[in-house]
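What follows is each chain in one-letter form.
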Amino acid sequence: MIISMKSSNREILSISELNKTVKGLLETEFSFLYTEGEISNFSRPSSGHWYFTLKDEKAQIKCAMFRNQNRSVGFEPKNGQQVVLYGKVTLYEGRGDFQIITSSLEISGDGELRRSFEKLKASLQKEGFFDQRNKKIIPRLPKNIAIITSPTGAAIKDIFSVVYRRFPALGMTLIPTQVQGEEAISQIVDAIQTANDKKYSYDLILLSRGGGSLEDLWAFNTEPVAKAIFNSRIPIVSAIGHESDFTISDFVADLRAPTPSSAAEQVTPDANIMKNDISENR
C-alpha cells in the first residue's frame, strides 16, 4: 500500500525553482572574478563554443566560453595548460551545473608579460624607434641575405623552400641562434652584430621564427634585441610567429612580414616572371 503524505506548513521547492534561486544567489554574490587553474576536458563542438574544466590540486569547476568571446583569444587552449580566466560564476539551471561563463582567457604569466610589452612599446615609440623616417629601404633584388633563426625550426625550412622556388640564385647564409628562452636574447643580438661585420657583404637580414605563445616569443620583445635591430646598418625584415602575432621586433624592423614564408616571398623576385619579361622585351 502506498501512502501519500502532505504538509501544509512547509514549502517544497521544485528542482527548477531551487536551481533558479541558487543561480541568482551565485550571480549576486560573486559577479565577475579572476581565477587560475589547469585546463582539462577541453572541447569545441560545431557551435564554436568552448567547454572545459578548470582545476587545481583539490577541486575543479566547469567553464564555458561562447564563440563571440573566444574569437578574441590569441591561442588554442590545450589540456594541461595553466590559464587565468575572467568570468561570471553562475549555475546552468537545466543540469544544475555550477560553472563559470568565461569572458577572457590568457595563459598564466601572460598578463604580466603583456604589461611589460606595452610599457616597453610605449617607451621605444617615444624614443623614435618605430618612426617611419628611421626605416631603411629594403633592396628590390638582394644578392646575399643573412637569416637569423633556429637551424632546426620550421621557419628556416619554409624560408629555404620559398626562396629556392622563386629565386634560387639568391645567396643565403644562416646565422644560427636560439629563438626562445633567456639565452636567445644575447644570441640574437650577437647574430645581428655578426651580420653587420664589415668582412661580410649582406644587403639584407631576415630575422625569423615560427609561432608560439607570448612567452615563447619573448626574446623578440626585449630592449636589447630592439636596440640591435634599430642600430643595424643593414635593413632588417622581421617575421616572427603567425600573422596574428606582433612583437617589438616587428615594430622596430624596417619591414614586418606576417610569417617566415611571406617574408621570403616579399624579399625575393619570381625568377619565372623575370624570364618571361625578358623574353617579351626581346
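Residues numbered from 1 in each chain as written. Predicted model: local features only at pLDDT ≥ 70, side-chain atom pairs only at ≥ 80, totals over all residues. Heavy atoms only, no water.

Participant: I would appreciate a short explanation of the confidence of the model for the protein chain in the present structure.
Facilitator: Low-pLDDT stretches of the model should not have their predicted coordinates read in fine detail. Averaged over the protein chain, the pLDDT score is 89; the fraction of residues at 70 or greater is 93%. Per-residue pLDDT stays below 50 along residues 1-5; that stretch engages in 0 contacts with residues further than four places along the chain or on separate chains. (pLDDT = per-residue confidence, 0-100. Contact = heavy atoms within 4.5 Å.)

Participant: Whenever I open this one, the pairing of strand E2 (residues 50-55) confuses me. Can you help?
Facilitator: Both faces of the sheet carry side chains from a regular strand, because those side chains alternate between them. Judged from the 4 bridges that link them, strand E1 (residues 32-43) and E2 form a sheet pairing that is antiparallel. Within E2, the position partnered with Ser40 by the bridge is Thr53. Between E1 and E2, which pair antiparallel in sequence order, lie 6 residues; one of them, Gly48, sits at a positive phi of approximately 90 degrees. (Pairing = 2+ DSSP bridges. Helix = DSSP H or I, 4+ residues; strand = E, 2+ residues; numbered from the N terminus.)

Participant: Explain the packing of helix H5 (residues 182-195) against helix H6 (residues 223-231) here, please?
Facilitator: For any two helices packed against each other, one specifies the crossing angle of their axes together with the interaxial distance. The interhelical angle for the contact between H5 and H6, taken along N-to-C directions, is 10 degrees, at an axis separation of 9 Å. Taken together, H5 and H6 sit at an angle that is classed as roughly parallel. When H5 is examined against H6, the residues Ile185, Ile188, Val189 and Ile192 are found in contact with a partner set consisting of Pro224, Val225, Ala228 and Ile229. (Axes fitted to C-alpha atoms, helices over the stretch in contact; angles between N-to-C directions. Parallel < 35°, antiparallel > 145°, perpendicular 65-115°, else oblique.)

Participant: Honestly, the packing of helix H4 (residues 154-166) against helix H8 (residues 260-267) in this entry has me stumped. Any pointers?
Facilitator: Two elements in contact, H4 and H8, have axes whose closest approach is 8 Å; the angle formed by their N-to-C orientations is 30 degrees. It follows that H4 is roughly parallel to H8 by the angle criterion. Pair H4 / H8 crosses with right-handed handedness. On H8, the residues touching Ala155, Asp158, Ile159, Val162, Val163, Arg165 and Arg166 of H4 are Pro260, Ser261, Ala264 and Glu265. (Left-handed = near helix turned anticlockwise from the far one by under 90°.)

Participant: What am I meant to see in the sheet that holds strand E10 (residues 255-256) here?
Facilitator: In a beta sheet, neighbouring strands pair by backbone hydrogen bonds and run either parallel or antiparallel. Strand order in the open sheet made by the 5 strands is E7-E6-E8-E9-E10, with parallel pairing throughout. This sheet does not close on itself; its edge strands, each paired only once, are strand E7 (171-176) and E10. On the sheet, H4 packs against strand E6 (144-149), E7 and strand E8 (204-209) and is oriented at approximately 160 degrees with respect to E6.

Participant: How do you make sense of the packing of aromatic side chains when you look at a structure like this?
Facilitator: Two measures describe an aromatic ring pair: the distance that separates the ring centres and the angle between the ring planes. On inspection of all chains with the given rule, the structure shows 9 aromatic pairs. With centroids separated by 6.5 Å and ring planes inclined at 35 degrees, the aromatic side chains of Phe42 and Phe52 adopt a geometry described as tilted. Placement of Phe42 in strand E1 and of Phe52 in strand E2 is noted, with a sequence separation of 10 residues between them. Residue classification places Phe42 among the buried residues on the basis of a relative accessible area of 19%. Relative accessible area serves as the criterion here: at 2%, Phe52 is assigned to the buried category. Chaining the aromatic ring pairs together yields one cluster made of Phe32, Tyr34 and Tyr86. (Phe/Tyr/Trp six-rings, centres within 6.5 Å; stacked < 30°, edge-to-face > 60°. Buried < 20%, exposed > 50% of the residue type's maximum accessible area, 1.4 Å probe, protein only.)

Participant: Even after reading the chapter, I still don't get H4, so can you show me in this structure?
Facilitator: One turn of an α-helix holds 3.6 residues; hence residues three or four places apart share an orientation. In this model, H4 (13 residues) spans 19 Å end to end at C-alpha, consistent with the 18 Å of a helix rising 1.5 Å per residue. Along H4, the residues classified as buried are Ala155, Ile156, Ile159, Val162, Val163 and Arg166. What you see down the axis of H4 is that its buried residues fit within an arc of 135 degrees, all on one side. Facing away from the buried side of H4, by more than 90 degrees, are the exposed residues Ala154, Lys157 and Arg165. (Expected span 1.5 Å × (residues − 1). Arc of directions from axis to C-beta.)

Participant: Is there a simple way to think about the environment of Pro176 in this case?
Facilitator: Here Pro176 lies in strand E7. Along the primary structure Pro176 and Gln187 are separated by 11 residues, whereas in three dimensions their C-alpha atoms are 8.7 Å apart. For Pro176, the contacting residues outside a window of four places in its chain are Thr149 and Pro151.

Participant: Can you walk me through the pattern of salt bridges in this structure?
Facilitator: Pairing between side chains of opposite charge can happen when the charged atoms of each approach one another. In total, this model carries 9 salt bridges according to the counting rule given. Linking Asp254 and Lys136 is a salt bridge whose minimum nitrogen-to-oxygen distance equals 3.7 Å. Within this pair, whereas Asp254 is found in the loop between helix H7 (248-252) and E10, its partner Lys136 is found in the loop between helix H3 (110-126) and E6, the two being separated by 118 residues in sequence. Judged by relative accessible area, Asp254 falls into the buried class, the value being 11%. The shortest N-O distance in the salt bridge between Glu265 and Arg165 comes to 3.6 Å. One end of the pair, Glu265, is in helix H8; the other, Arg165, is in helix H4, with 100 residues separating them in the sequence. Within this structure, Lys62, Arg95 and Asp97 form a network of salt bridges that share partners. (Salt bridge = Lys/Arg side-chain N within 4 Å of Asp/Glu carboxyl O.)

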